[in-house]
Amino acid sequence: MADTNHTQVVVIGGGVVGCAIFRRLAMGGLKPVLLEAGRDILSGASKANSALLHTGFDAPHGSLELSCMQQGYREYMSLREQLNLPLVKSGALVVAWNEEELGKLDGILAKAHDNNVTDVVHIDREALRRQEPLLSPKAMGGVHVPGEHIIDPWSAPLAYVHQGLAHGGIVLRDCRVESGRFDGIWHLDTNQGEVTADLVINAAGNQGDIIEAINRPAPFRITPRKGQFVVFDKPAARLLKAIVLPVPTERTKGIVICRTAFGNVLVGPTAEDQEDRIHAEVDQAALKQLMARGIEMLPGLANVDVTAVYAGLRPATQFKDYQITAQPDRRWITVAGIRSTGLTAALGIAQHVAGLYGASFGRLANSAPIWTPVPNLCEEQPRTYQAPLSGEIVCHCEWVTRTEIENALDGALPAGDIGGLKRRTRAMMGRCQGFYCSARVMAIAEGKITP
Amino acid sequence: MKTHDVIILGAGPAGLSAAAELKRLGVQDITVIDRETEGGGIPRHCGHTGYGLLQFGKLMTGPDFAKRLVDRVSDLDLRLGHTVLKLEPNGRLQLAGPNGLETLQAQKVLLAMGARETPRSARLVSGTRPWGVMTTGALQQFAYLQGKAPFQRPVIIGSELVAFSSLLTLGHVGVKAVAMIEERSRISAWRPGDWVARIGFGVPVMTDCSDLRILGQDRVEGVSFQRRGVTRTLECDGIVFTGQFRPESALLTQSHLELDPGTRGPVIDQLYRCTDASYFASGNLLRGIETAGQCYREGISAAHAIHAALQDKLAAAATPIRIEAGGALSYVYPQRLTGRGPYDPLLFKARARVATRGTLRVLADGREIWSRPINVLPERRIAWRVPAIDLTGIHHLTVDLQPRK
Ligand SMILES: Cc1cc2nc3c(=O)[nH]c(=O)nc-3n(C[C@H](O)[C@H](O)[C@H](O)COP(=O)(O)OP(=O)(O)OC[C@H]3O[C@@H](n4cnc5c(N)ncnc54)[C@H](O)[C@@H]3O)c2cc1C
Ligand SMILES: Cc1cc2nc3c(=O)[nH]c(=O)nc-3n(C[C@H](O)[C@H](O)[C@H](O)COP(=O)(O)OP(=O)(O)OC[C@H]3O[C@@H](n4cnc5c(N)ncnc54)[C@H](O)[C@@H]3O)c2cc1C
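As the structure is a computational prediction, the values presented were derived from the model and not from experiment. Along each chain, the written sequence defines residue order, and numbers are assigned to residues from 1. Each chain gets a letter, beginning with A, and each ligand a number, beginning with 1, in the order they are written. Only residues with pLDDT of at least 70 are given local features in this predicted model, and only at 80 or more are side-chain atom pairs given and counted; all residues enter the totals for whole chains, interfaces and linings.

What follows covers the confidence of the model for chain B. Any region with low pLDDT has predicted coordinates that should not be read closely. Across chain B, the average pLDDT comes to 93, with 98% of residues at 70 or higher. If you check the scores for this complex, the pTM reads 0.96 and the ipTM reads 0.94. A residue's pLDDT is the confidence the predictor assigns to it, expressed on a 0 to 100 scale.

Structure (structure tokens):
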């Protein structure tokens with residue numbers, strides 16, 4: 001770490017939020033160093049979410065969360081073509097399944113308009129039926145939110161990091177911050193030795209309060225909120241177009257059914273508080289409930305196989321809103337409690353952090369962006385296997401070519417572990433879960449990643 | 001576009017035996033497609049013996065058997081490394097090859113895409129999702145094709161025959177399993193199997209295990225389960241989910257062909273013909289696992305039907321008679337009879353959901369026309385021939401298994 005042990009700014013945590021901040025600061029002319037404890041980026045909350053790009057129609061009015069989401073949404077839309085990031089323009093339907101929920105739709109509509117999401121409209125039972133004929137006839141009506149979309153949850157942060165790297169940032173993986181002290185500059189102790197920095201940004205997700213305690217008694221406490229999902233096989237994608245959202249409760253957005261950018265359908269998440277900050281276990285009883293609920297709402301799912309199950313941990317605090325503050329005297333910025341909207345808000349959070357930086361620490365330059373497009377994995381856009389001379393397909397369920405796997409093991413930020421390889425290529429993520437290809441994939445990865 | 005006589009999709013035992021038989025019958029223009037870069041299907045990586053006795057008169061390893069099957073048809077148009085993406089009406093196939101997308105057309109298509117084991121995810125198993133959880137098929141490719149042991153102390157889940165294949169496979173790379181775990185109260189393979197596991201492989205077999213939970217973060221660290229009211233934890237560094245085969249039928253689900261929710265394979269008639277008369281099917285695609293020998297025979301039978309169809313000798317598919325499974329049967333196939341009859345002895349194959357001692361019956365429009373006493377275990381094939389019967393005027397057959405009272 002010879003040339004990296006002192007730096008202007010360290011970002012702790014390579015989740016989607018840390019990646020977006022890293023990008024923004026690198027583009028602003030700083031040479032940020034991103035420290036990530038995992039063997040690859042996206043080792044925490046960001047590896048498992050619903051992958052929805054939210055409009056903020058139901059976010060708390062006037063909150064920082066709402067403004068970051070809407071800013072993040074706008075920026076995603078403006079840069080996605082240059083970074084080759086997909087967008088499945090599905091729209092969403094908030095569906096009422098009983099009279100009580102039906103009664104809440106007016107409030108949802110009013111809040112959406114308050115939040116300046118003006119294209120949100122009521123949709124009656126018949127129109128709902130026309131739009132989603134395969135949804136259970138028990139659906140009583142709903143609210144249509146045209147701007148809610150589906151994205152690729154992993155390619156986006158990967159693209160942000162790549163752009164940050166292209167602008168001179170540095171990423172250290174397998175680098176866990178263990179402790180630190182401040183004497184005008186920050187001395188951070190990591191498993192790779194000491195890193196010193198003029199400024200530290202805490203974007204440590206589910207470890208946010210523990211990292212915060214290096215700086216000050218953390219004014220918030222993180223209680224991870226687990227969300228489990230069931231993913232159905234590709235034939236299910238023909239069953240619906242829109243994201244089907246439930247009428248939300250105080251605690252969660254509830255169980256969603258939607259397609260994925262990769263052509264599957266997911267049902268989830270649950271919302272279960274837990275102390276464990278690392279292990280996101282799936283649980284058969286909960287998975288069965290999700291399946292049952294999914295089939296109740298979309299009966300055609302009963303005939304489709306389950307491809308995958310997974311769980312993610314939301315970095316929730318006792319507060320509803322994001323915990324983002326700067327402490328200029330301590331040269332520290334806290335970015336914590338990005339609970340359930342961080343994928344959408346990441347670019348907006350990064351803008352906000354850039355604003356905090358500008359206000360207290362210095363000016364960010366305005367350099368011309370270097371674009372670093374990432375490979376497309378979305379079924380709606382051309383995939384590699386469809387091109388002439390694409391070579392051999394290795395993963396047969398997700399149609400991943402040998403070239404794609406080799407490329408993911410190479411370049412500025414090669415996959416650091418098997419999860420990273422899966423997220424970059426989708427190899428082994430299909431219905432057979434590696435029955436046909438895992439030995440081949442691991443042979444190709446030999447010497448580059450170890451299980 | 002050129003129309004081939006026959007395209008065979010899948011170069012496993014079923015597809016390759018059909019190819020050889022069609023060649024023998026004088027069909028000229030046969031194309032065999034497989035997405036792997038080597039032909040042979042599952043036996044390609046099933047490195048232990050257990051193949052070929054009835055087909056080639058000696059006990060062979062999977063790879064030797066696979067090579068034998070491939071060599072017999074090496075003069076045919078064998079397109080390896082080609083993935084079929086879509087089945088369209090009237091024998092039109094969309095595929096992706098090393099040169100990109102193509103379309104092929106045939107008078108008759110034989111579907112022989114085989115079957116695979118159900119992975120941990122589709123079984124909805126609880127716990128974390130670390131590396132080191134796989135199926136026997138994957139394990140075999142590590143062990144026999146790469147000479148690698150993906151772990152040193154795995155636990156085997158399930159006790160169908162394939163679980164024993166996984167013990168043999170581990171033995172090949174010098175690995176001994178910690179235990180074999182079965183949910184049922186007896187093992188699914190033949191009875192002395194647990195004795196074989198214990199004495200032959202030194203692996204304890206535990207039945208009655210439920211509520212499986214996988215432990216570990218990056219790599220498997222253990223597995224816990226309930227057994228007779230007690231939670232037990234076994235330390236291990238790998239987990240092999242064996243069996244619970246299901247047809248590799250994703251292509252079918254997205255096609256116009258009808259699927260049977262019981263077998264999860266295509267609906268076929270007594271001539272292996274699908275609901276689009278240009279498609280036939282055979283081998284494990286029909287229902288999950290059977291021996292390679294069974295699949296081989298089904299390939300030959302389908303080849304005869306295809307040969308007859310090419311010469312317009314097959315009875316036109318008149319209004320079919322539906323066949324449904326009932327009682328303790330989870331499925332029966334063929335799922336329909338076409339043509340006019342009277343039918344040759346009809347071959348039915350089925351499986352029972354649970355171990356059953358009782359009567360197997362065939363009912364025609366509700367009236368019993370055939371029956372026989374039977375004693376079956378789950379996960380085992382039941383096959384029988386019903387002598388030629390006149391079904392004139394019949395619309396519906398039920399095949400059921402009623403437990404003895
Ligand atoms: C079930 C679920 C569904 C969701 N659905 C959506 C959705 O549809 N749309 C949406 O916009 N958002 C969604 N979210 C929210 C989104 O996933 C999170 O807001 C976001 O991932 C939080 O990102 P983060 O970067 O703050 O945290 P993380 O991704 O957890 O990143 C923190 C990183 O810091 C690293 N780290 C921790 N400690 C240290 C240390 N000591 N040293 C170095 N590195 C460290 C971790 O390894 C981790 O990689 C969902 C979340 C969940 C769980
Ligand atoms: C671990 C294990 C051990 C076994 N041990 C024995 C044993 O000892 N003795 C025995 O008799 N049997 C054994 N069997 C069973 C036997 O191997 C199978 O019954 C037999 O291989 C099935 O033949 P098949 O032709 O139906 O399918 P498969 O052998 O599965 O072949 C299907 C082929 O279709 C191809 N394919 C599928 N989809 C596509 C597509 N979309 N495009 C192109 N190609 C495609 C596949 O690549 C594959 O090559 C074992 C099976 C397993 C898994």
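Moving on from the coordinates now.
Attention now goes to the domain arrangement of chain A. All names here are of chain A. Taken domain by domain, chain A holds domain 1 (2-49 + 154-222 + 319-360), domain 2 (92-146 + 223-314) and domain 3 (384-445). The centre of domain 2, based on its C-alpha atoms, is set 30 Å off from the matching centre of domain 3. Listed as interface residues are five residues of domain 2 and, on the opposing side, four residues of domain 3. Boundary definitions for the domains trace back to an automatic or database domain assignment. Each residue is represented by a C-beta atom placed from its backbone, and any two residues with such atoms within 7 Å are regarded as in contact.

Residues and elements named next belong to chain B. The buried count for strand β2 (residues 30-34) comes to five of five residues, which makes it a mostly enclosed element. Three exposure classes are used, based on other C-beta atoms lying within 10 Å of a residue's own C-beta, which is placed from the backbone: buried for 20 or more, exposed for 12 or fewer, and partly exposed in between. The secondary structure listing takes helices from DSSP runs of H or I that are at least 4 residues long and strands from runs of E that are at least 2 residues long, numbered from the N terminus. Residues of β2 alternate between two faces, with Ile30, Val32 and Asp34 on one and Thr31 and Ile33 on the opposite face, all of them buried. Note: strand β1 (residues 3-9) against β2, four bridges, orientation parallel. Across the sheet, residue Ile7 finds its bridge partner in β2, namely Thr31. Crossovers are marked right-handed if the path from the first strand over the helix to the second runs clockwise, as seen with the strands pointing away from the viewer. Note that the unit made of β1, helix α1 (residues 13-24) and β2 has a crossover that is right-handed. Should DSSP find at least two bridges between two strands, the strands are regarded as paired. Sheet topology places β2 next to strand β5 (residues 77-80); four bridges connect them, and they run parallel. Bridge pairing in β5 places Ile33 opposite Arg79.

Attention now goes to the site of ligand 1. Residue and element names in this part refer to chain A. By definition, a residue lies near a molecule or strand when the C-beta atom built from its backbone is within 6 Å of it. Around ligand 1 there are 42 residues in total, and Gly15, Gly44, Gly205, Gly227 and Gly342 lie nearest to it. Secondary-structure elements contributing two or more residues to the shell around ligand 1 are α1 (16-27), β17 (306-314) and α8 (342-360). When residues are grouped by polarity, Ala, Val, Leu, Ile, Met, Phe, Trp, Tyr, Cys and Pro land in nonpolar, Asp, Glu, Lys and Arg in charged, and all others, Gly among them, in polar. Its residues placed into classes, the shell around ligand 1 shows 18 nonpolar, 20 polar and four charged. Of the domains in this structure, domain 1 (2-49 + 154-222 + 319-360) and domain 2 (92-146 + 223-314) are the two that each give at least three residues to the shell around ligand 1.

Further remarks concern the interface of chain A and chain B. Between chain A and chain B, the residue contacts involve 39 residues of the former and 36 residues of the latter. Counting only elements with at least two residues in the side of chain A that touches chain B, the list comes to α7 (284-297), β17 and α11 (438-445) of chain A. Looking at side-chain class alone, the side of chain A that touches chain B contains 20 nonpolar, 11 polar and eight charged residues.

Okay, the site of ligand 2 next. All names here are of chain B. In the vicinity of ligand 2 there are 37 residues, among which Gly12, Gly41, Gly50, Gly114 and Gly283 approach most closely. Counting residues per element, the ones that place at least two in the shell around ligand 2 are α1, β2, β3 (49-51), β6 (83-88), α4 (136-146), α5 (161-172) and α8 (292-310). Taken together, the residues that form the shell around ligand 2 break down as 17 nonpolar, 15 polar and five charged. The two domains that each donate at least three residues to the shell around ligand 2 are domain 1 (3-116 + 245-314) and domain 2 (119-241).

Moving on: the sheet that holds strand β24 (residues 346-352) of chain B. All names here are of chain B. The antiparallel open sheet is built from three strands, whose spatial order is β22-β24-β27. What marks the edges here is a single partner per strand, and that holds for β22 (329-333) and β27 (382-386). Averaged over all neighbouring strand pairs, the angle between strand axes comes to 25°, with direction disregarded. Pairing of β22 with β24 involves four bridges; the strand directions are antiparallel. To obtain each axis, a line is fitted to C-alpha atoms, and for helices this fit is confined to the stretch in contact; angles are then taken between N-to-C directions over 0 to 180 degrees.

All names here are of chain B. According to the domain assignment, chain B contains domain 1 (3-116 + 245-314), domain 2 (119-241) and domain 3 (323-403). The C-alpha centroid of domain 3 is placed 26 Å from the C-alpha centroid of domain 1. The partner domain 3 presents 12 residues to the 11 residues of domain 1 that form the contact.

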